[in-house]
Amino acid sequence: MLSGEFGVGTSSPMELIDVTSQLQDIIAKNNIAQGLCTIFNPHTTAGVTINEGADPDVQDDIIGAIRRIVPSDYPYKHREGNSPSHVMATLTGSSVSLFVAQGQLQLGTWQRIFFCEFDGPRQRKLTWQILSG
Amino acid sequence: MLSGEFGVGTSSPMELIDVTSQLQDIIAKNNIAQGLCTIFNPHTTAGVTINEGADPDVQDDIIGAIRRIVPSDYPYKHREGNSPSHVMATLTGSSVSLFVAQGQLQLGTWQRIFFCEFDGPRQRKLTWQILSG
Amino acid sequence: MLSGEFGVGTSSPMELIDVTSQLQDIIAKNNIAQGLCTIFNPHTTAGVTINEGADPDVQDDIIGAIRRIVPSDYPYKHREGNSPSHVMATLTGSSVSLFVAQGQLQLGTWQRIFFCEFDGPRQRKLTWQILSG
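Residues numbered from 1 in each chain as written. Chains lettered and ligands numbered in written order. Predicted model: local features only at pLDDT ≥ 70, side-chain atom pairs only at ≥ 80, totals over all residues. Heavy atoms only, no water.

1. Overview of the overall build of chain A
Quick note on the threshold: Only DSSP runs of H or I reaching four residues or more are called helices, and only runs of E reaching two or more are called strands; each is numbered from the N terminus. Here the globule rule is a power law, 2.2 Å times the number of residues to the power 0.38, and the radius of gyration is based on C-alpha atoms.
Along its length, chain A carries three helices and eight strands. Along chain A, helices (α) and strands (β) appear in the sequence β-β-α-β-β-α-α-β-β-β-β when read from the amino end. A compact globule built from 133 residues should have a C-alpha radius of gyration of about 14 Å, and chain A, at 16 Å, falls within 12% of that. For chain A, the spread of C-alpha atoms along the principal axes amounts to about 50 × 30 × 25 Å.

Spelled out as structure tokens, the structure:
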């Protein structure tokens, strides 16, 4: 078992940050041939997801849709004012699991791994673990 | 560690396809007694979920509700026109994890594993991996 | 590989129940130093999520928001009347994955693990598995 973490800096209140190459670099540097790779988000107002990376408009549309699903103009109880970000974290999920084979993350043709910032900008991090089986 | 993939053909723009017996067959054929089973969806306009399989109305209600949560009549930026399907993929998630014990998938009484088609009909696939621990 | 289950009693139609200390106790009692911990919810009208545990208002806001995202006043087909709960189960997800290191669940500062009741009150359970790698 190998594990670690890396930083993710965000520059907007809400955005998707592609972290796929950082993960692929970790796999290469550690000579991991195969295994189960889990990426975990330790923040309560952020998430992690896998979606299309080719057209940045898709990322904008995802952020826009999530904003409409969890509107900010509602009298939430939590005084810190970021309850929508907490709801978005639960809708998106706190981890993704994917496979490594022949030293490569096994993603579909259009898939990339994204850190989801819902309450930025902030300095964030992701943690990862690979079980070689 | 064992891994593989299988095809899933869909026949509607949006539908849930029960893939539980295909997975159970894989476990039986490979004589897997126990482990962690991960099912991964490599598509960006589809998902995978675990929910009730007994009454098909539940599947229709889930599809209907997701359609209302992510409406199609919005001026999305992505020109391909399937942004709602990408949003649905992120809301549903790209993988499910469950346990195998005594050679059986450990599902609750009413649970079944479903491929979620959000941009069909298409020929799709799911990938799987089992870590025996 | 270690696995087991524990009961979760709920007292409201919808609520989040913090189960973090039950899981940490399991890890301590079994002397688990490191691994991948998966928590699985075997029910189709409940979920499991990781979110903030410090301010109970966050939990109330999450429940309230999910209720508005999946309204109950819609003519669902499923006769049992709990279709919204099934939709919520799919939006939240059926499992969470997190890491164990130095005998401790590796949660972020504000994170706690919650059973999500969407069709209570009921006597429920969660199952868990830890792969030591």
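Still more to cover.
2. Here's the deal with the nonpolar core
Put simply, the rule reads: We call a set of buried residues a nonpolar core when its members are Ala, Val, Leu, Ile, Met, Phe, Trp, Tyr or Cys and they connect through side-chain atoms within 4.5 Å of each other. Three labels apply to residues, based on accessible area from a 1.4 Å probe with only protein chains included: buried if under 20% of the type maximum, exposed if over 50%, partly exposed otherwise in between.
Core analysis: the biggest nonpolar cluster contains 78 residues, and I113 of chain A, I39 and I113 of chain B together with I113 of chain C have the highest contact counts within it. By size, the runner-up hydrophobic cluster in this structure holds 48 residues, among which are L16, I62 and L91 of chain B together with F118 of chain C.

3. Description of the relation of the copies chain A and chain C
Convention followed: The atoms used to superpose the copies are C-alpha atoms, taken from residues with pLDDT of at least 70 in both, and the fit is least squares. Only heavy atoms matter for contacts: two residues are in contact if any of them lie within 4.5 Å across the pair.
The transform that puts chain A on chain C rotates by 120° and translates by 0.0 Å along the axis, for an RMSD of 0.0 Å. Look at the turn and shift together and you get a three-fold axis relating the two. Nearest to the rotation axis, the C-alpha of L91 of chain A is located 3.4 Å from it, this being the minimum over chain A. An asymmetric contact is evident, with only 17% of the interface residues of chain A recurring at the interface of chain C.

4. Structural notes on unusual backbone geometry
Residue and element names in this part refer to chain B. Cis rather than trans, the peptide bond between G120 and P121 has omega equal to -5°. Secondary-structure assignment places P121 in the loop between β7 (111–117) and β8 (123–131). The backbone phi angle of Q102 is positive, close to 45°, even though this residue is not glycine. Along the chain, Q102 turns up in the loop between β5 (95–101) and β6 (104–105).

5. Some remarks on the interface of chain A and chain C
Filter applied, for reference: Note on definitions: buried area is the accessible-area loss of two parts on being combined, 1.4 Å probe, summed for both. Between Lys or Arg on one side and Asp or Glu on the other, a salt bridge is scored when a side-chain nitrogen of the former is within 4 Å of a carboxyl oxygen of the latter. Definition of a polar contact: a pair of N or O atoms within 3.5 Å, with one able to donate and the other able to accept a hydrogen when the atoms are protein atoms, and with sequence-neighbouring residues admitted only if both atoms are side-chain atoms.
Facing 29 residues of chain A, the contacting portion of chain C comprises 31 residues. Roughly 2,400 Å² of surface becomes buried between chain A and chain C when both sides are summed, with 61% attributable to carbon and sulfur atoms. Across the contact surface, chain A and chain C share two salt bridges. In this structure, K77 of chain A engages D57 of chain C in a salt bridge whose closest nitrogen and oxygen atoms are separated by 3.7 Å. Here chain A and chain C share twelve residue pairs in polar contact (both at pLDDT 80 or more) between them. Looking at the side of chain A that touches chain C, the elements that each hand over two or more residues are β3 (35–40), α3 (83–92), β5 (95–101) and β8 (123–131) of chain A. Broken down by element, the residue count for the side of chain A that touches chain C peaks at six residues, all from α3 of chain A.

6. A closer look at the sheet that holds strand β3 (residues 35–40) of chain B
Residue and element names in this part refer to chain B. What counts is decided by this rule: When DSSP finds at least two bridges between two strands, those strands are taken to pair.
Strand order in the open sheet formed by five strands is β1-β8-β3-β5-β6, and the pairing between neighbours is antiparallel. Both edges of this open sheet fall to β1 (2–9) and β6, since each of them pairs with a single strand only. Bridge analysis of β1 against β8 gives eight bridges, and the strand direction is antiparallel. By the bridge assignment for β8, G7 is matched with K125.

7. A closer look at the packing of aromatic side chains
Definition in use: Between the rings of Phe, Tyr and Trp (Trp by its six-membered ring), a pair exists once the centres lie within 6.5 Å; its type follows the angle of the planes, with under 30 degrees stacked, over 60 edge-to-face, and the other angles tilted. A ring is considered to have a charge above it if a Lys NZ or an Arg CZ atom is located within 6 Å of its centre and within 35 degrees of its normal.
Tallied over the full model, the rule gives six aromatic pairs over all chains. Centre to centre, the rings of F40 of chain A and F99 of chain C are 6.0 Å apart; their planes meet at 55°, and the pair counts as tilted. Residue F40 of chain A is located in strand β3, and its partner F99 of chain C is located in strand β5 (residues 95–101); the two belong to separate chains. Between the aromatic rings of Y74 of chain B and Y76 of chain B, the centroid separation amounts to 5.2 Å while the plane-to-plane angle is 65°, which identifies the pairing as edge-to-face. What makes Y74 of chain B partly exposed here is its relative accessible area of 36%. It is R68 of chain A that lies over the ring of Y74 of chain B; its NZ or CZ is 3.3 Å from the centre.

8. Describing the environment of V100 of chain B
All names here are of chain B. Assignment of secondary structure puts V100 in strand β5. Considering only alpha carbons, one finds V100 and C37, 63 residues apart in sequence, at a separation of 6.7 Å. Those residues within four positions of V100 in sequence are excluded, and the remaining contacts are I27, I32, A33, Q34, G35, C37, L105 and Q106.

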